[in-house]
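# Structure assessment
Here are the chains, one letter per residue:
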Amino acid sequence: MGEDVTHPKATLKARGLSKVYHTGEVEVPALAGVDLDLIEGELIVLLGPSGSGKSTLLNILGGLDRPSTGSVEFAGQDLAQMNDKALTLYRRDHVGFVFQFYNLVASLTARENVELVTEIAPDPMRADEALALVGLSERINHFPAELSGGEQQRVAIARAIAKRPGILMCDEPTGALDSKTGVLVLDAIAQTNRELGTTTAVITHNAVIADMADRVVVIGDGRIQEVRENSARKQPGELSW
Amino acid sequence: MVMRALHPLDKKVVRDLGSMWAQALAIALVIAAGIAMFVMSEGMLESLNETRAAYYERYGFTDVFAPMKRAPNALEKRLQQVPGVRFIETRIKERVTLDMPGMNEPAQGQILSYPVGDEPRLNRLHLASGRWLAPGQSDEVLVSETFIEAHGLGVGPGATITVIMNGRKRDLKIAGVVLSAEYIYAIQPGALMPDNKRYGIFWMSRTALEAAFNMKGAFNNAVFSLDPGANEDAVKAAVDLILEPYGGTGSYGRDIQISDWYVSGEIDQLRNMAQFVPPIFLAIAAFLLNVVITRWIDTEREEIGLLKAFGYSTWAVGVHYIKLVMIITLVGVVLGFMGGMWFGRGLAGIYQEFFRFPFLHFHISPGVFTTAGGIGVLVALLSTVNAVRRAALLPPSEAMSPPPPTTYGRSYFEGWVRRLSQPSRMIVRHLVRWPMRSLMTMLGNAAAVAVLIGSMFFMDAMEELIDISFNRAERQDATLTFHEAMEPRALENIKSMPGVLQAEPFRAVSAKLTFRGAERRESLTGIVQGAHLSRILDQDLKPVDVPRTGLVLSQKLSEMLGAGVGDVVIAQVTEGRRPTLELPVVQVSETMMGSPAFMDFDYLGRVMREEGRLSGAYVLMDANREAKFFHDVKNTPAIAGIAVKTTMLQSFRDTMAENVMVMTTFNIAFAAVIAVGVVYNAARISLSERARELASLRVLGFTLGEVSFILLGELAILIVVALPFGCLFGYGLAWLWTISLDTDLYRIPLEVSRQTYGMSVSVVVVAAIASGLATFRQIGKLDMVQALKTRE
């Protein structure tokens, strides 16, 4: 990649990231020298086939894992050097997560799932407000078992954004959904990015989704293969697969 | 190598066990505890029963015992002719006092005549060391093994002991050390526990005893064996009729022979234990197996679907899980067998201290193992069959798809729940979602507390028993007993002995009490008005004066006779002028030991027409002049025996401490196994079920502590709720013990101290905390990345 020019409005700045997993006696390199900035307010899509290293990258950027070498700078601090406690605080205060399989707490209602996060966040929005943002005002008192997959994922998005995170990380958010429901979920993500200005990273292997991004990063074999900027973002409603 | 030879499914069994080894071990240990208890008690029961039967058989233990004042030898023939009598032995049996070196207070003993150069037909002794009595040696004595052992190595065959017989000091040479079927359990009359140092049994040649006790040509004790099928009551009645003119105090059978009574009592107690304790452990093991296997199978849905999709039959899948259950069970059973044999040998060692058999092999018959193993396997199968069946019948298509998310609902107390934080709501909803599971975990914890209270309360009960018996009722320092009732001036002599501060006389006459067909041999004890030392307690344990006329029955005697206040009891006195008295019951008193009957001292004297005569005296003494007092007691021929409170209490406490320590250690270990088994399993299963949920929360920024709170908080609630129930059940268990140990010899007061509650609760809480910490470490290892990738 070219010379190291830090974008003036970078929220996260990753340099020389590599990650090697040790399984038994085998060393599996998952990332090999990745440099990447997440720019404030942008919607970035990390595109790649399974095993390309995109999830590993997201896990490191999200503070779930540490790189084998390299650094991730956030607000002047290096995530790679943080201990578990500091990483927990980083996730708690600054990162919102949306998972492929929603990961809602079955024993809590939609609102309560959101409140789970707002209770421990420094400056959250109200749970009702977050649920209204994803269009679920009508179903706030339902338990996960009473919601459809798309609805569950929108609760998960509400839960992720309710704390007003600096960064929203979405790992295959539509992976378990059909195309129509997936579009609704992407809509919710695009809307929060637009309205709240949250820096948003979406991981997917679905190339169609790349069209809704400001920037697309193609990952393969643990390296960044290509970075391209979309001149115009498509609305999720215009996408289908 | 072994693994390679296994069928793939069996490899899976081995690997699954490897991954859940801690849980499997916890369950196996609970099974082992139940099996061990069963094997130990059943084995001990069997060993004790068989040993006793063999001992009695081999050494000719008698069926009927008849004491009397003095009968001529010629009477033996008449007694032999009583229909039903097979063999008879006559003998001389007397009380003696001993002056043992290094002991201030005199030791007590029984001395019996024993044939020289010939074996008796009944009650033959077992020679443990030394030799039998030699002809013509009138100063030789055989001594009970327990007494010899208690006095250490200095005393043994060849040594000399000083015995005060009929007031005369004699130095006797120990010829041999023996054991007797008649004294398997040797306890001094009136004592709480055997004190082998202060009570011994001795045998001498008949001629020597005849000379010492002026019994030439006479005997004062006869023992009988009966023909098979003989009517024991008829024999006793006929014997009593013949012996009445000779001061017979009434014959009795094995049922109230002290030694056999104690052995039987112990056997009954073991039987209770075998029926009572193992089911508790097996029920808990069943519960654990059920929960663990059911939940674990739930996590195996996909594997089951896969196996069935590959073409494995329902049966093969079922057998696969049954194998897993059986391996855990068999490990438990085998550990239980080993533990049972080990505890059993330990118990046999304790038994040998109190019950003296020439041989006591702790032996467990194959039947006990088969039964124990069979019950263990059956319980395991029954508790898991449903889960295994459901798993095996799961259609592959359904099994391969993830189970629907758990349906939670609002609980009835939702209004209250809404005031809680989200993690607390998760706890409450989870508890309410699986009420049965929560209830069972709670009950398991409660059972652990209860088992502890049920064993530790014995110490409290014993202290209470001592307080009631010795601080409230019998407050004398020593009780002196004469060979026979003495003239009133004997009391003045006792009062003038050195160190005696106070003395109260008592009179005791043996009698047969009957009321509406119920019959009981008991002595009538006359105590004085305004007694300060030996007092009667009313039912509220308040001391009261003995009524001037009429009879006071102890609660136990009142129950046995079925007679209460206002009833008239017939008392046939078997000594002195042998009057038959009609005595109205005027009071029922509370006693923890024995089943005594009391009367006013003067009133008893009047009806016996022996006013003022006393059988002995209760004495309060000056501790500083004890040595001089004991010296005089040893040298007073009229005094047959002395019971000293401090030594009696000391030996009682020592014995209890030792036994209760052993039992309590066992029980603490067992209760900890239960507590750990329940708590650890509950925690681990919850963790594996909710790993994904908890890991997700970690991803969302919850700290390790906050996440642990959700899991461990639930268990903490179940433990906290269980504690009061455990205390309640423990009290109930203690109550059951007092009922099952309520005998005519003693009763155990239902007393559970705060310390016992506190200690029991602490043990369980500590076990729970240890389990919690082990789980906490596992929570720390949760894989957050994995949680994002896997579906429910």
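Summarised in this report is the structure supplied together with it.

The rules we used
Residues numbered from 1 in each chain as written. Chains lettered and ligands numbered in written order. Predicted model: local features only at pLDDT ≥ 70, side-chain atom pairs only at ≥ 80, totals over all residues. Heavy atoms only, no water. Axes fitted to C-alpha atoms, helices over the stretch in contact; angles between N-to-C directions. Helix = DSSP H or I, 4+ residues; strand = E, 2+ residues; numbered from the N terminus. Parallel < 35°, antiparallel > 145°, perpendicular 65-115°, else oblique. Left-handed = near helix turned anticlockwise from the far one by under 90°. Contact = heavy atoms within 4.5 Å. Nonpolar A, V, L, I, M, F, W, Y, C, P; charged D, E, K, R; others polar. Pairing = 2+ DSSP bridges. Buried < 20%, exposed > 50% of the residue type's maximum accessible area, 1.4 Å probe, protein only. Arc of directions from axis to C-beta. Buried area = accessible area lost by both parts, 1.4 Å probe. Salt bridge = Lys/Arg side-chain N within 4 Å of Asp/Glu carboxyl O. Expected span 1.5 Å × (residues − 1). Phe/Tyr/Trp six-rings, centres within 6.5 Å; stacked < 30°, edge-to-face > 60°. Lys NZ or Arg CZ within 6 Å of the ring centre and 35° of its normal. Core = buried A, V, L, I, M, F, W, Y, C linked by side-chain atoms within 4.5 Å. Domains from an automatic or database assignment.

Attention shifts here to the packing of helix H10 (residues 314-354) of chain B against helix H11 (residues 366-393) of chain B. Residues and elements named next belong to chain B. One way to put it is that H10 packs onto H11 with a least axis distance of 9 Å and a crossing angle of 155°. Taken together, the axes of H10 and H11 lie roughly antiparallel to each other. In the crossing of H10 with H11, the sense of the turn from one axis to the other is right-handed. Where H10 approaches H11, its residues Thr314, Val317, Gly318, Tyr321, Ile322, Val325, Met326, Thr329, Leu330, Val333, Phe337 and Met341 are matched on the opposing element by Phe369, Ala372, Gly373, Gly376, Val377, Ala380, Leu381, Thr384, Val388, Ala392 and Leu393. Residues that form the contact of H10 with H11 fall into these classes: 17 nonpolar, six polar and no charged.

What follows deals with the sheet that holds strand E11 (residues 252-253) of chain B. Within a sheet, each strand pairs with its neighbour through backbone hydrogen bonds, oriented either parallel or antiparallel. Residues and elements named next belong to chain B. The four strands are arranged E2-E10-E1-E11 in an open sheet whose pairing can be described as antiparallel. For this open sheet the edge positions go to strand E2 (85-91) and E11, each flanked by a neighbour on one side alone. Note that strand E1 (residues 64-72) and E11 share two bridges and pair antiparallel. Bridge pairing links Val64 to Gly253 in E11. Each of E1, E2, strand E10 (218-226) and E11 is contacted by helix H7 (residues 232-243), which is oriented at about 10° to E1, the strand it contacts most.

Our next topic: the pairing of strand E7 (residues 160-165) of chain B. All names here are of chain B. As defined by bridge partners, strand E3 (residues 93-99) adjoins E7 across three bridges and the pair is classed as antiparallel. Note on E7: the bridge partner recorded for Asp99 is Thr162. In sequence, E7 turns back onto strand E8 (residues 168-180) through a hairpin of two residues, with Asn166 there showing a positive phi of about 55°.

It is worth spelling out helix H19 (residues 626-634) of chain B at this point. Residues and elements named next belong to chain B. Every buried residue belonging to H19 is among Phe629, Phe630, Val633 and Lys634, and all of these are buried. Considered in projection along H19, the buried side chains sweep an arc of 135° and stay on one side of the axis. Of the surrounding secondary structure, the elements contacted by the buried residues of H19 are E3, E7, strand E12 (478-486), strand E13 (500-515), strand E21 (614-621) and strand E22 (639-644).

In many reports, interface size means the accessible area that the parts give up when they come together. Each side of the interface is counted separately: chain A has 30 residues, and chain B has 32 residues. In total, about 2900 Å² of surface goes out of reach between chain A and chain B, with carbon and sulfur atoms giving 56% of it. Between chain A and chain B we count three salt bridges in total. The shortest N-O distance in the salt bridge between Glu706(B) and Arg92(A) comes to 2.7 Å. Among the elements of the structure, helix H1 (54-61), helix H2 (84-94) and helix H3 (110-118) of chain A are those that each provide at least two residues to the side of chain A that touches chain B. With four residues, the single largest contributor to the side of chain A that touches chain B is H3(A). Here the residues of the side of chain A that touches chain B sort into 12 nonpolar, nine polar and nine charged.

Below, the discussion takes up unusual backbone geometry. Only a minority of non-glycine residues have a phi that is not negative, and only a minority of peptide bonds are not trans. Residue and element names in this part refer to chain A. At Asn103, a position not held by glycine, the phi torsion is positive, near 50°. Its location among the elements puts Asn103 in the loop between strand E6 (95-98) and H3. Here Asn103 falls in the buried class, since its relative accessible area comes to 3%. The backbone phi angle of Glu172 is positive, close to 45°, even though this residue is not glycine. Assignment of secondary structure puts Glu172 in the loop between strand E7 (167-171) and helix H6 (179-196). We classify Glu172 as buried; its relative accessible area is 8%.

Another aspect to go through is helix H2 (residues 8-19) of chain B. One full turn of an α-helix is made of 3.6 residues, so residues set three or four places apart face in the same direction. Taking 1.5 Å of rise per residue, 12 residues should cover 16 Å, and H2(B) covers 16 Å from first to last C-alpha, within 8% of that figure. In the core, the buried residues of H2(B) are packed alongside helix H3 (21-59), helix H8 (258-298), helix H9 (301-310) and H10 of chain B.

Residue and element names in this part refer to chain A. Among the structural elements, Val34 can be located in strand E2 (residues 26-39). By relative accessible area, which is 2% here, Val34 ends up buried. Taking the C-alpha atoms as reference points, Val34 and Leu17, separated by 17 residues in sequence, lie 4.8 Å from one another. Contacts of Val34, omitting those with residues within four sequence positions, involve Ala14, Arg15, Gly16, Leu17, Leu57, Gly222, Arg223 and Ile224.

Turning our attention to the packing of aromatic side chains. Residue and element names in this part refer to chain B. With the rule as written, the count across this model stands at 22 aromatic pairs over all chains. Ring pairing ties together the aromatic residues Tyr185, Trp261, Tyr262, Tyr351 and Phe355, which thus form one cluster. Geometry around Trp434 places Arg433 over its ring, the cationic atom sitting 4.9 Å from the centre.

Residue and element names in this part refer to chain A. An order of E6-E7-E8-E3-E9-E10 is seen for the six strands of this open sheet, with the pairing classed as mixed. Unpaired on one side and paired on the other, E6 and strand E10 (223-229) mark the two borders of the sheet. Across the sheet, the mean angle from the axis of one strand to that of its neighbour is 20°, orientation sign disregarded. In the sheet, strand E9 (residues 215-220) pairs with E10 via six bridges, with the strands oriented antiparallel. Within E10, the residue paired with Val218 across the bridge is Glu226.

Okay, the pattern of salt bridges next. Residues and elements named next belong to chain B. Per the counting criterion, the structure on display carries 45 salt bridges over all chains. Glu145 is paired through a salt bridge with Arg356; the nearest N and O atoms lie 2.6 Å apart. Taken together, the residues span a long stretch of sequence, with Glu145 in helix H5 (residues 145-150) and Arg356 in the loop between H10 and H11 at a distance of 211 residues. Here the two residues Glu145 and Arg356 agree in accessibility, since each one is buried. A salt bridge links Glu559 to Lys556; the shortest N-O distance between them is 3.8 Å. With a gap of three residues between them, Glu559 and Lys556 both fall in helix H17 (residues 555-561), about one helical turn apart. What makes Lys556 buried here is its relative accessible area of 11%.

The next point concerns the pairing of E21(B). Looking along a regular strand, one sees side chains alternate from face to face of the sheet. Residue and element names in this part refer to chain B. Across the eight residues that make up E21, a large majority, seven, are buried. Both E13 and E21 contribute to a ladder of six bridges, which runs antiparallel. In the strand pairing of E21, Gln502 is matched with Leu620.

Next up on the list: the environment of Ser424(B). All names here are of chain B. Assignment of secondary structure puts Ser424 in helix H14 (residues 422-433). A relative accessible area of 16% places Ser424 in the buried class. Between the C-alpha atoms of Ser424 and Glu714, which are 290 residues apart in sequence, the distance is 8.8 Å.

This part takes up the nonpolar core. Counting 121 residues, the largest nonpolar core has Met44(B), Ile297(B) and Phe355(B) as its most contacted members. In terms of residues, this core owes the most to one element, H8(B), which gives 19 residues. Residues lining this core come from more than one domain, with at least three contributed by each of domain 1 (59-261) and domain 2 (434-474 + 646-792) of chain B. Every residue in contact with Met44(B), bar those within four places of it in the chain, is listed here: Val39(B), Leu270(B), Gly344(B), Leu347(B), Ala348(B), Tyr351(B), Leu360(B) and Phe362(B). Counting residues in each nonpolar core, the second largest holds 40 residues, with Val114(A), Ala127(A), Leu147(A) and Ala213(A) among its members.

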